[in-house]
Amino acid sequence: MGPRDKPEDDKREVVRDQTAMTAHSQAPDEILDVAVVGLGPAGLAAALALAHVGVEVTLVGPTPTPAELARDTRTTALFGGSIELLRHLGVWGALADEAAPLTGLRIADDTGGLLRAPETLFRAAEIGRDAFGFNVENARLVGALLSVVEKSPRVSRIDAAVVRLDVAADRVTLHMASGATHPARLVVGADGRRSLCRQASGAREETWSYPQSALATRFSHSRPHDGISTELHRRGGPLTTVPLPGNGSSLVWVDRPEEIERLATLSNEVLAREIETRLGGLLGDIGDIGACATFPLAGLSAKPVAQNRIALVGEAAHVLPPIGAQGLNLGLRDVAWLAEIVGAAKSRDEDIGGPATLAAYAASRARDVATRTLAVDLLNRSLFTGLLPADLARGAGLALLNAIGPLRRLAMREGIEPTGQLPKLLRPAASV
């Protein structure tokens, strides 16, 4: 096994010098209501969510080919609110039988320090749930979303890449690789961490990096995982296994860049032995190893997430290290809040891309994004700094969660979704 490739979503979209529109799409000169740029999970979900609230949507970007989807072997742990969103959008039915329930989360201190934090096992049953969420293959998630998009009468398609956006007071004009232009009243930027939409919006970018990289793969094992995800807090960073159907798990291994580079050059057999050693036999013998991807750890926050007729969702708005499965869940909450606010503005016959609408969306996301970003950043830095105060704080926090039931249950609920009012698309259908 040779050096690993970076994930496909960390590369710029391939420019296709054509503009192909579906039969039910708007004429090129017409002003679109909403253009959603990007065909990753956040962009596809945004198109469906906005269509769900009665908005005419044009989804813009090259369609991923079956080969491109097959190369993405990553998985995503989706929490309760994200599952409800997919149910409302008619997507979850195609995924449920191939998703692995996450019934528990084990956190263990493997830093080797003198003061080790106590091992902690959180179970979904403690907060009245069968599971915290489900682990889903990214390729299957994108495929299921695309399938529903193709059937939606409110979603049109432009199967081409955007190369520039021009912002005016009453519209944003999308310039395509072919030279065609498409004006829109509102643009939803779901075009990833190298977002053209973010640049065009004029948002301030706060970026930071870590002295770490990550290796992502999947593997089979001889012992059952019992639906429990395990997060080993190691000095180089967390090593996390997340259940897959059967005796399989996905893996995200965070460590120093040189260590990740070494792991990426190992044969499957040697890498399997490395994983066995790090897990201390927790999942028994490690068998087949899937395709691996490596990437540097970094963070990004766009401020504000909406202005100048452009609203950002997913990694166009915020990038977090792969810790605690916060990334896509945060992005899907962006989607649900944006749909709620745009739908309300439309029902009041207000400008869906105007300053008031975008300010309301930005305000709805501020606390959630800030708290998740801070929590993930502090936890990660507490591991690789090696400072005694950081170790003491992390250990004391886990000890309190072990000892105090109400605090423990609050932490579990807050970990999977923020407390307080949720938009309709994140609530169970019976409560809407």
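What this report covers is the structure whose coordinates are included nearby. (Residues numbered from 1 in each chain as written. Predicted model: local features only at pLDDT ≥ 70, side-chain atom pairs only at ≥ 80, totals over all residues. Heavy atoms only, no water.)

### A word on the nonpolar core
The following threshold applies: Among buried residues, the Ala, Val, Leu, Ile, Met, Phe, Trp, Tyr and Cys ones that are joined through side-chain atoms within 4.5 Å form a nonpolar core. Remark: exposure states derive from per-residue accessible area (1.4 Å probe, protein chains only) relative to the maximum for the residue type, with buried under 20%, exposed over 50%, and partly exposed in between. Under the scheme used here, helices are H or I runs from DSSP no shorter than 4 residues and strands are E runs no shorter than 2 residues, and both carry numbers assigned from the N terminus.
Counting residues in hydrophobic clusters, the biggest one holds 79 residues, and the most contacted among them are Val36, Leu50, Val91, Val187 and Val188. Broken down by element, this core gets its largest block of residues, 10 residues, from helix H8 (residues 327-347). Counting 18 residues, the second-largest nonpolar core is a separate cluster that includes Leu215, Trp253, Leu266 and Cys292.

### A few points about the pairing of strand S9 (residues 162-167)
Heads up, the rule is: Here a strand pair is declared whenever DSSP counts at least two bridges between the two strands.
In terms of strand pairing, S9 meets strand S10 (residues 172-176) through 5 bridges, oriented antiparallel. Note on S10: the bridge partner recorded for Val167 is Val172. Between S9 and the antiparallel strand that follows it, S10, lie 4 residues.

### As for the sheet that holds strand S4 (residues 100-102)
Quick note on the threshold: Here the axes come from fitting lines to C-alpha atoms, over the contacting stretch only for helices, and the angles between their N-to-C directions go from 0 to 180 degrees. Contacts are residue-level and defined by heavy atoms, with any inter-residue pair within 4.5 Å sufficient.
What the 3 strands build is an open sheet, ordered S3-S7-S4; its pairing is antiparallel. Every interior strand has two partners, whereas the edge strands, strand S3 (75-79) and S4, have only one. Adjacent strand axes in the sheet meet at a mean angle of 30 degrees when their direction is disregarded. One ladder, built from 5 bridges, connects S3 with strand S7 (residues 133-137); its direction is antiparallel. When the bridges of S7 are listed, Leu78 appears paired with Phe134. Against the sheet, helix H4 (residues 138-151) touches S3 and S7, its axis set at about 90 degrees to S7.

### What to know about the packing of helix H1 (residues 41-52) against H4
For any two helices packed against each other, the geometry is given by the interaxial angle and the distance between the axes. Rules: Any angle between 65 and 115 degrees counts as roughly perpendicular, while under 35 counts as roughly parallel, over 145 as roughly antiparallel, and the rest as oblique. By definition, turning the near helix anticlockwise from the far helix through less than a right angle yields a left-handed crossing, and turning it clockwise yields a right-handed one.
Close contact between H1 and H4 brings their axes to 10 Å; oriented N to C, the two are set at 30 degrees. Relative to H4, H1 is oriented roughly parallel. Between H1 and H4 lies a crossing whose hand is left-handed. For the pair formed by H1 and H4, the contact residues are Pro41, Leu44, Ala45 and Leu48 on the first element and Leu141, Val142, Leu145, Leu146, Val148 and Val149 on the second.

### Notes on empty space enclosed by the protein
Convention followed: Only protein atoms enter the 1 Å grid used here, on which a cavity is any set of points holding a 1.4 Å probe that cannot leave and a pocket is any open set flanked by protein within 12 Å on both sides along at least five of seven lines; residues with an atom within 4 Å of a point are listed as lining. Grid points are joined across faces, edges and corners, and a volume is the space filled by probe spheres set on the points. Under the scheme applied, nonpolar residues are Ala, Val, Leu, Ile, Met, Phe, Trp, Tyr, Cys and Pro; charged residues are Asp, Glu, Lys and Arg; polar residues are all the others, including Gly.
Under the criterion given, the structure shown has 1 cavity of 30 Å³ or more. Its volume calculated, the largest cavity comes out at about 40 Å³. What lines the largest cavity is simply Phe79, Gly81, Ser82, Asn329, Arg333, Ile416, Glu417 and Leu426. Looking at the lining of the largest cavity, the elements that each hand over two or more residues are helix H3 (80-88) and H8. Taken together, the residues of the lining of the largest cavity sort by class into 3 nonpolar, 3 polar and 2 charged.

### Here's the deal with the pairing of strand S2 (residues 57-60)
Cut-off, in case you're wondering: By convention, orient the strands away from the viewer: a clockwise path from the first strand over the helix to the second makes the crossover right-handed.
Side chains of S2 alternate between two faces, with Val57 and Leu59 and Thr58 and Val60 buried alike. Two strands pair when backbone bridges link them, and strand S1 (residues 32-37) and S2 are joined in this way by 4 bridges, in the parallel orientation. In the strand pairing of S2, Val36 is matched with Leu59. Each parallel crossover has a hand, and for S1 linked through H1 to S2 it is right-handed. As judged from the 4 bridges shared by S2 and strand S8 (residues 155-158), these two strands associate in the parallel manner. When the bridges of S8 are listed, Val60 appears paired with Ile158.

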